[in-house]
Amino acid sequence: MTETNLTIAIDGPASSGKSTVAKRIANDLNLIYVDTGAMYRALTYQALKQNVNIKDEKALINLLKNTVITLEKTEDGQSVFVNDEEVTEDIRENNVTNTVSIVAAHPQVRTEMVIRQQKLAENNGVVMDGRDIGTVVLPASDVKVFLVASVKERAERRHKENVSKGIFSDLDQLKKDIAERDYKDTSRDTSPLKQADDAIRIDSTKLSIEEVVEKIKELIDSTLK
Ligand code: DC
């Protein structure tokens, strides 16, 4: 194994900093970054737009079969496309955030998404973030990280981010939403959010992004030795 074909899985709950950290590592090591949450969000966006009932698994599968989801590398991260429409910002809107866990709970939707995610990693080194990367998508990853932080810390980070973007933000509501998403992600029947046995748990509550990135790079270095 060399640095160029490394596979790195970063899992953890909502707003634990996975995507920021994953992007940084992918950039520094010149690996492809795959944000699997964006894929579930893209399908949710498309379902809402086309008035497809997100509780109807068959309808969602039909929609997914006709939906090309593309992740494109940009200077500061990744752009997301549904068919030819750019949806990078749209998939972060509340209507998607508040319903995506229903879409991501359907077993057949997950099966198809996992196939697509595995293809993206087939001949490439990747940093992939999500909920089931170390357990289901890439169980043979070279480095597996399970990134956590307290609900309070995650809500405060999201609150600061919203305020800095000029988006209305209610800290108490954010705490409730994050706790509810944790519950939904960990209690669903198919591929619930769960730390892989061989994943390294990093609690970022009291760590900066740089410190988390450094810790993961140390893990990568020790794997390459
Ligand atoms: O990481 P995120 O907030 O963008 O994820 C959006 C939703 O998709 C969230 O409800 C968890 C779900 N998800 C999943 O079930 N499996 C993944 N590999 C990634 C995300």
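Residues numbered from 1 in each chain as written. Predicted model: local features only at pLDDT ≥ 70, side-chain atom pairs only at ≥ 80, totals over all residues. Heavy atoms only, no water.

Some thoughts on the environment of Leu219
Here is step 1 of the chain: Take Leu219: it is sitting in helix H10 (residues 209-224).
Here is step 2 of the chain: Put simply, Leu219 and Asp142 are 77 residues apart on the chain and 9.7 Å apart in space, counted from C-alpha to C-alpha.
Here is step 3 of the chain: Here Leu219 is in contact with Val143, Val145 and Ile200, once residues within four sequence places are set aside. (Helix = DSSP H or I, 4+ residues; strand = E, 2+ residues; numbered from the N terminus. Contact = heavy atoms within 4.5 Å.)

Description of the environment of Val103
Here is step 1 of the chain: Within the secondary structure, Val103 is located in helix H5 (residues 100-103).
Here is step 2 of the chain: Beyond its immediate chain neighbours, meaning those up to four positions away, Val103 contacts Tyr40, Leu43, Thr44, Ile54, Leu60 and Val109.

A closer look at the pairing of strand E3 (residues 69-74)
Here is step 1 of the chain: Here E3 runs beside strand E4 (residues 77-82); their pairing, made up of six bridges, is antiparallel. Considered in E4, the bridge of Leu71 is made with Val80. (Pairing = 2+ DSSP bridges.)

Section: the side chain of Ser191
Here is step 1 of the chain: Here Ser191 shows up in the loop between helix H9 (171-187) and strand E8 (200-203).
Here is step 2 of the chain: Given a relative accessible area of 18%, Ser191 falls into the buried group.
Here is step 3 of the chain: The residues touching Ser191, leaving out its near neighbours within four places in the chain, are Arg110, Asp132 and Val136. (Buried < 20%, exposed > 50% of the residue type's maximum accessible area, 1.4 Å probe, protein only.)

Details of the site of the ligand
Here is step 1 of the chain: Near the ligand lie 15 residues; those nearest to it are Arg41, Arg110, Asp132, Arg181 and Arg188.
Here is step 2 of the chain: Contacts to the ligand include Arg41, whose side-chain N or O atom sits 2.7 Å from an oxygen atom.
Here is step 3 of the chain: One nitrogen or oxygen atom from the side chain of Asp132 is found 2.8 Å from a nitrogen atom belonging to the ligand.
Here is step 4 of the chain: The protein chains hide 95% of the 450 Å² of surface that the ligand would expose on its own.
Here is step 5 of the chain: Looking at the shell around the ligand, the elements that each hand over two or more residues are helix H2 (36-49), H5 and H9.
Here is step 6 of the chain: Ranked by residue count, the leading element in the shell around the ligand is H2, at four residues.
Here is step 7 of the chain: Of the residues in the shell around the ligand, the class split is three nonpolar, four polar and eight charged. (Near = heavy atom within 4 Å. Polar contact = N/O pair within 3.5 Å; in protein donor to acceptor, adjacent residues only side chain to side chain. Areas by Shrake-Rupley, 256 points an atom, 1.4 Å probe, with all protein chains shown as cover. Nonpolar A, V, L, I, M, F, W, Y, C, P; charged D, E, K, R; others polar.)

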